[in-house]
Amino acid sequence: MWVKGNLHTHSTNSDGRLTAEQLVEFYYANGYGLLSITDHEKLTKVSTDKLITIPGFETSVKGTRLNYDYHLVLLNVEDVESVQRLRSSIGELLDFTSECGGLAFIAHPYWSSLTVEDLMPLKSYLGVEVYNTGCDVECAKGFSMVHWDGVLAAGKLIYGFAVDDAHRYLIPPIDALGGWIWVNVEAFSTESLLHSLERGLFYSSMGPAVEEFSYKPDVIEARFTPVSRIDVVSDDGVGLSISLDTYEHFKRLLSTGEGRRLMGGFEAEFNIENGVEKAYLNAGGFKLTLEKTVDGLTALKLEKYGFKKYFRLELTDSKGRKAWLNPIMV
Ligand SMILES: [Zn+2]
Ligand SMILES: [Zn+2]
């Protein structure tokens, strides 16, 4: 089963505007099944059977290359005091978190002015916030794909988390319900959720939903709600981006003899079945199959594409809202 969750948010116990109890009601009413209230250097516990809560908090550590602080979200860690003692060493803090059964990820790398070099020496953390709603709506620094891909290009698997990091909730600019994760769990329990997070069995989204995804060496298949752009992101000049504009351009060009001559060596076929247009593109080296409805692109099959270290799938809908699947190291 799939559970929708927000792993980073603030209550009145630190600088948020809603109480822990109001937060539970707010996220539950909006279809969430998982919530972690992560106040600054403080544990905020709340008891509810409406959704699963993972205890945790946000901590900061000095010492980045540009003299800013790392912010970290620690989940399933309750020993705030020990963490305070370790705040001078991010390595020791991450080791401690992992030794006591906790999980850590790096909050808002772009907002924190982190460089990829700040992330490279770190061990024992799950990933980075690829999207942080608060940082986006307040100062346009919500997206951290470059940090994520920098670490992945070094061959190290880390996951991407979309979170709210909400403080304001209902007061504009609204920093709630903007980014979340969908976690695939065996049971509706804290243990099962932690197990799935640790294994990367989740994807992040601001809107688009992924209905199917499979990967076998040389074949990626995915089905999703309508999007305007599909990106297959990788390293070393490898990767693929298909927007609706590019799709329509190919289609127009390949409908004429002159266009086909221009696109020499590129084979394509477009068929409509039950209102769904299917495009088969054979670019010599690889094969691409796309499905499109009146609302946008809805499926992708990519065969025989030569990835080097990793790839990840990123979707963007007509409102610019993204979804990020976790990477696969090949
Ligand atoms: Zn922060
Ligand atoms: Zn925060």
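Residues numbered from 1 in each chain as written. Chains lettered and ligands numbered in written order. Predicted model: local features only at pLDDT ≥ 70, side-chain atom pairs only at ≥ 80, totals over all residues. Heavy atoms only, no water.

Peer 1: Even after reading the chapter, I still don't get the coordination of the zinc ion (ligand 2), so can you show me in this structure?
Peer 2: Octahedral six-donor coordination of a metal ideally yields angles of 90 or 180 degrees, compared with 109.5 degrees for tetrahedral four-donor coordination. Those protein atoms acting as donors to the zinc ion (ligand 2) are His8 (NE2), His10 (NE2), Glu58 (OE) and Asp165 (OD), and they sit at 2.1 to 2.2 Å. Here the zinc ion (ligand 2) is ringed by four donor atoms whose angles at the metal span 82 to 168°, and the overall shape comes out irregular. On the primary sequence, the residues serving as donors to the zinc ion (ligand 2) are separated as H-x1-H-x47-E-x106-D. A spacing of 3.7 Å is found between the zinc ion (ligand 2) and the zinc ion (ligand 1), which share Glu58 as a donor. Of this pair, His10 sits in the loop between β1 (2–6) and α1 (20–29) while Asp165 sits in the loop between β8 (159–163) and β9 (180–184); the two residues are 155 residues apart in sequence, bridging distant segments of the chain. (Donors = N, O, S within 2.8 Å, 3.2 Å for Na, K, Ca; no water. Tetrahedral: all angles 85-135°; square planar, octahedral: opposite > 155°, others 65-115°. Helix = DSSP H or I, 4+ residues; strand = E, 2+ residues; numbered from the N terminus.)

Peer 1: I tried to follow the pattern of salt bridges on my own but got confused; where do I start?
Peer 2: One side chain can pair with another of opposite charge once the charged atoms of both are near each other. Considering all chains together, one arrives at 17 salt bridges under this definition. The salt bridge partner of Glu291 is Lys278, with a shortest N-O separation of 3.7 Å. Taken as a pair, Glu291 in strand β17 (residues 287–293) and Lys278 in strand β16 (residues 276–282) lie far apart in primary sequence, 13 residues in all. (Salt bridge = Lys/Arg side-chain N within 4 Å of Asp/Glu carboxyl O.)

Peer 1: What's the story with helix α6 (residues 145–153) in this structure? I'm lost.
Peer 2: Residue pairs spaced three or four apart in an α-helix point in one direction, given the helix's 3.6 residues per turn. Judged by how many residues are buried, α6 sits mostly within the fold: seven of nine residues are covered. Buried within α6 we find Met145, His147, Trp148, Asp149, Gly150, Val151 and Leu152. Looking at the residues trailing α6, positive phi occurs at Gly155, about 90°. (Buried < 20%, exposed > 50% of the residue type's maximum accessible area, 1.4 Å probe, protein only.)

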